[in-house]
2 protein chains.
Amino acid sequence: MNKPPEKAPPDPGVRERLLASAIDCFDRKGYAACSVREIVEAAGVTKPVLYYHYGSKEGIFNALMRQAMDQFDELLERASHSEGSARDRIEKLFGEVFDLFKRSIPLVRVMNSIYYGPPQGVPRGDADRVHFAFQEWVKKRLVEGRNAGEFKIAKTEDAMWALIGALNVATELELCHPDLALTQKDLQRVVGVVFDGIASEEGRAPRRAAKRR
Amino acid sequence: MNKPPEKAPPDPGVRERLLASAIDCFDRKGYAACSVREIVEAAGVTKPVLYYHYGSKEGIFNALMRQAMDQFDELLERASHSEGSARDRIEKLFGEVFDLFKRSIPLVRVMNSIYYGPPQGVPRGDADRVHFAFQEWVKKRLVEGRNAGEFKIAKTEDAMWALIGALNVATELELCHPDLALTQKDLQRVVGVVFDGIASEEGRAPRRAAKRR
């Protein structure tokens, strides 16, 4: 175990610099191939500084994961107090999630490489927890929308998966085919196809009339 | 370059055994970490036999990819002559693709680890080509369905992505959350939500009446 120095030198922004250089190195070389030396050199600090703040390479990776999960949790939390119809609220959150995803591409690549890649000696993190929380949030809105007569849904899970599938297409293209990337407007239209599929008869006609002539 | 032996020993099934042991090794250890020695030992042959049939580790990987792509191409080709409504034909192909996916999980894991993982010195293969062909196939059916009055679609791409998103949910759960895996019936219902979203008014009513009371 590396002992931290008695007292960290005052260096504002050092934590952010370490996170940024770690994510860059993990993304370029893969988690396993990236050394602590490379991370600290790019951040312009010495090894003990990394050990002081994050304990280890795994510690800095976990901090990156936690940061991303916290941002996601924050979105969900705020979305729980959003206003409007169930469709409005889902559309709004989807837009925000898509936006967060776009801003997190390097980290997403690292997470995917750990998730899908050969074992690299790092825990999978709790991406699962976040996924489940998101699914639950969507399901709740669907139930509320159904109870309010906004939706006509035979099985909530089906509508939930269809909606999440539409969002996943947007995030996957962003990641794997930036040349085909969807805009926020494109995403809303794709999601709109699913909403049309669950709109109650009352909800359907005016939207069609208003938005599609 | 490894010279193949003058003549391969007659050993029926050796190619299949080599493919099977390669996919198993790639899946367990990752492409880069898996050695030719391990592959041939598990297949019960010697190195020159692998070199004779596949040239190299990369050659055997490419053969695995080609086999999967060929199976996919075959599905698409047969689906181009399928009969029924556009919805019927899309549903049928989606079911077959989902089925092929389920049978190819170890290879999919290897492909994902190469696609998402750190560089492993192997070409990405032409998974892209297959994806594009699939997208085009779906788009064609959507246009045919719209022209036949079966669908009401503002923008074909939107419906295509919504449908493909629904299929992707099924394949992703199969891969990452076998505990939540969808059945073929589940998949058809999720896809059905999207079809409801693009059904023409004429197509909608009887289906609703028949299937959902």
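Look up a bit, the structure's there.
Keep in mind that this is a model prediction, so the values were computed, not measured.

Caption draft 1: Focus on helix α8 (residues 156-176) of chain A. For α8(A), which comprises 21 residues, the first-to-last C-alpha distance of 30 Å matches the rise-based estimate of 30 Å (1.5 Å per residue) to within 8%. Counting buried residues along α8(A), 19 of its 21 residues qualify, which places the element largely inside the surrounding structure.

Caption draft 2: Quick look at the side chain of E174(B). Turning to its location among the elements, E174(B) is positioned in helix α8 (residues 156-176). Ignoring any residue separated from it by four or fewer positions in sequence, one finds E174(B) in contact with F98(B), F101(B), K102(B), I105(B), A181(B) and L182(B).

Caption draft 3: How the structure looks around the pattern of salt bridges. A full pass over the atoms with the stated rule returns 30 salt bridges over all chains. Ionic pairing is found between D158(B) and R189(A), a salt bridge with its closest N-O pair at 2.7 Å. Pair noted here: D158(B) is in helix α8 and R189(A) is in helix α9 (residues 184-198), and the two residues belong to different chains. By relative accessible area, D158(B) is classed as buried at 6%.

Caption draft 4: Examining the interface of chain B and chain A more closely. Listed as interface residues are 44 residues of chain B and, on the opposing side, 44 residues of chain A. Summed over both sides, the interface of chain B with chain A buries roughly 3,500 Å², with 62% coming from carbon and sulfur. Summed over the shared surface of chain B and chain A, the result is 6 residue pairs in polar contact (both at pLDDT 80 or more). Where the side of chain B that touches chain A is concerned, the elements lending two or more residues are α1 (14-29), α6 (105-116), α7 (127-147), α8, α9 (184-198) and α10 (201-212) of chain B.

Caption draft 5: Representation of the packing of aromatic side chains within the structure. For the coordinates displayed, the defined rule picks out 12 aromatic pairs over all chains. Ring geometry for F26(A) against Y31(A): centres 5.0 Å apart, planes inclined by 55°, an arrangement best described as tilted. Each member of the aromatic cluster is reached from another via a ring pair, and the members are F26(A), Y31(A) and F61(A). A cation over an aromatic ring shows up here: R141(B) above the ring of W137(B), its NZ or CZ 4.7 Å from the ring centre.

Caption draft 6: Molecular detail of the relation of the copies chain B and chain A. With an RMSD of 0.0 Å, the fit of chain B onto chain A corresponds to turning through 180° and sliding 0.0 Å along the axis. These values place the two chain copies in the arrangement generated by a two-fold rotation axis. Among all C-alpha atoms of chain B, that of G197(B) lies closest to the rotation axis, at 1.6 Å. When the interface residues of chain B are mapped onto chain A, 100% of them again lie at the interface, so the same face is used by both copies.

Caption draft 7: Spatial organisation of the state of the cysteines. For the structure shown, the criterion picks out 2 disulfides over all chains. Put simply, C25(A) and C34(A) are joined by a disulfide, and their sulfur atoms are 2.3 Å apart. Disulfide C25(A)-C34(A): torsion about the S-S bond near 125°, hence right-handed. In this structure C25(A) comes out as buried when scored by relative accessible area, which is 1%. Here C34(A) falls in the buried class, since its relative accessible area comes to 1%. Of all cysteine sulfurs in the structure, the one in C176(B) sits closest to C176(A), which takes part in no disulfide; the separation is 13 Å. On the basis of relative accessibility, which here comes to 16%, the residue C176(B) falls in the buried class.

Reading guide: rules and limits
Residues numbered from 1 in each chain as written. Chains lettered and ligands numbered in written order. Predicted model: local features only at pLDDT ≥ 70, side-chain atom pairs only at ≥ 80, totals over all residues. Heavy atoms only, no water. Helix = DSSP H or I, 4+ residues; strand = E, 2+ residues; numbered from the N terminus. Expected span 1.5 Å × (residues − 1). Buried < 20%, exposed > 50% of the residue type's maximum accessible area, 1.4 Å probe, protein only. Contact = heavy atoms within 4.5 Å. Salt bridge = Lys/Arg side-chain N within 4 Å of Asp/Glu carboxyl O. Buried area = accessible area lost by both parts, 1.4 Å probe. Polar contact = N/O pair within 3.5 Å; in protein donor to acceptor, adjacent residues only side chain to side chain. Phe/Tyr/Trp six-rings, centres within 6.5 Å; stacked < 30°, edge-to-face > 60°. Lys NZ or Arg CZ within 6 Å of the ring centre and 35° of its normal. Least-squares fit on C-alpha atoms with pLDDT ≥ 70 in both. Disulfide = S-S within 2.5 Å.

Read these as geometric descriptors, not functional statements.
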